[in-house]
Amino acid sequence: MNDEQRDQILSIIENVNDMTIATIREDGFPQATTVSFVSDGLKIYFGTSTASQKAKNIEKDEKVSITLDCPYDNWNDIRSLSAAGRAVAVNDQEEINKVWTLMHKKFPQAADFEVSGEVAVAVFRIDPVIFSLLDYSRGFGHTELIDA
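In this text the structure is predicted, and so the values were computed from the model without any measurement. (Residues numbered from 1 in each chain as written. Predicted model: local features only at pLDDT ≥ 70, side-chain atom pairs only at ≥ 80, totals over all residues. Heavy atoms only, no water.)

Participant: What exactly am I supposed to notice about the nonpolar core here?
Facilitator: Soluble globular proteins tend to pack their nonpolar side chains together in the buried interior. Ranked by size, the top nonpolar core spans 27 residues in total, and within it Met19, Phe46, Leu68 and Ile126 carry the most contacts. Contributing elements (two or more residues each) for this core: helix 1 (3–15), strand 1 (18–24), strand 4 (43–49), helix 2 (53–60), strand 5 (63–69), strand 6 (79–89) and strand 7 (121–135). For this core, the leading source of residues is strand 7, giving 5 residues. With residues near it in sequence (within four places) discarded, leucine 68 still touches Ile12, Ile13, Val16, Asp18, Met19, Phe37, Arg79, Ser80 and Leu81. Of all hydrophobic cores here, the second largest spans 8 residues; its members include Tyr45, Val90, Phe107 and Val123. (Core = buried A, V, L, I, M, F, W, Y, C linked by side-chain atoms within 4.5 Å. Buried < 20%, exposed > 50% of the residue type's maximum accessible area, 1.4 Å probe, protein only. Helix = DSSP H or I, 4+ residues; strand = E, 2+ residues; numbered from the N terminus. Contact = heavy atoms within 4.5 Å.)

Shown next, in the form of structure tokens:
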């Protein structure tokens, strides 16, 4: 990955609020879910209920794919990022605290949502293996595959 590619990837990651994450269900079918996320460089984090289907899917198979799409008014402005990687449960309390700090900074409304003691929350970090950078300003369907 060169500096320009890294900057383009970070620009999308830092300017998008939601991503679609695809996990692998027990029956082998993919499951795509939209989640809000935060990032620390190329590390992408999200939280979910430990009882959620995506958490259960990740427990069985850590391979995931994600997409992040920038808003656009016409096709010449389409910029998107997809990545394949591994979703890892974050258990280190210091890293979890950092994620919640990032979450409250990016989404101040998060403070208004209290998680009851009945709902256990898991924090996952996605460690990308490969990125696919889509940029229509460089031509229809222009895509670059970039090793993480």
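Participant: I keep staring at a nonpolar patch on the surface and nothing clicks. Help me out?
Facilitator: A cluster of nonpolar side chains, contributed by Tyr72, Trp75 and Phe140, occupies part of the molecular surface with about 440 Å² of accessible area. Under the relative-accessibility criterion, tyrosine 72 is labelled partly exposed at 43%. (Patch = residues over 30% accessible without salt bridge, like charges linked within 9 Å, V, L, I, M, F, W, Y side chains within 5 Å. Areas by Shrake-Rupley, 256 points an atom, 1.4 Å probe, with all protein chains shown as cover. Salt bridge = Lys/Arg side-chain N within 4 Å of Asp/Glu carboxyl O.)

Participant: Explanation requested: the pairing of strand 7 in the structure shown.
Facilitator: Residues in a regular strand project their side chains so that they alternate between the two faces of the sheet. Bridging between strand 4 and strand 7 involves 6 bridges; their strand directions are antiparallel. Following the sheet pairing, threonine 48 is matched in strand 7 by alanine 122. Two elements, strand 6 and strand 7, share 11 bridges in a ladder whose sense is antiparallel. Directly across from alanine 89, in strand 7, lies its bridge partner phenylalanine 124. Bridging between strand 7 and strand 8 (residues 143–147) involves 5 bridges; their strand directions are antiparallel. Paired with leucine 134 across the bridge in strand 8 is threonine 143. (Pairing = 2+ DSSP bridges.)

Participant: Honestly, the pattern of salt bridges in this entry has me stumped. Any pointers?
Facilitator: Where side chains of opposite charge bring their charged atoms close, a pairing between them can arise. Tallied over the entire structure, the rule returns 9 salt bridges. With a closest N to O distance of 2.3 Å, arginine 25 and aspartate 27 form a salt bridge. By relative accessible area, arginine 25 is classed as partly exposed at 33%. One salt bridge connects aspartate 135 with arginine 138, and the closest N-O pair in it is separated by 3.6 Å. Given a relative accessible area of 10%, aspartate 135 falls into the buried group. When salt bridges that share partners are traced, they join Glu4, Asp135, Arg138 and Glu144 into one network.

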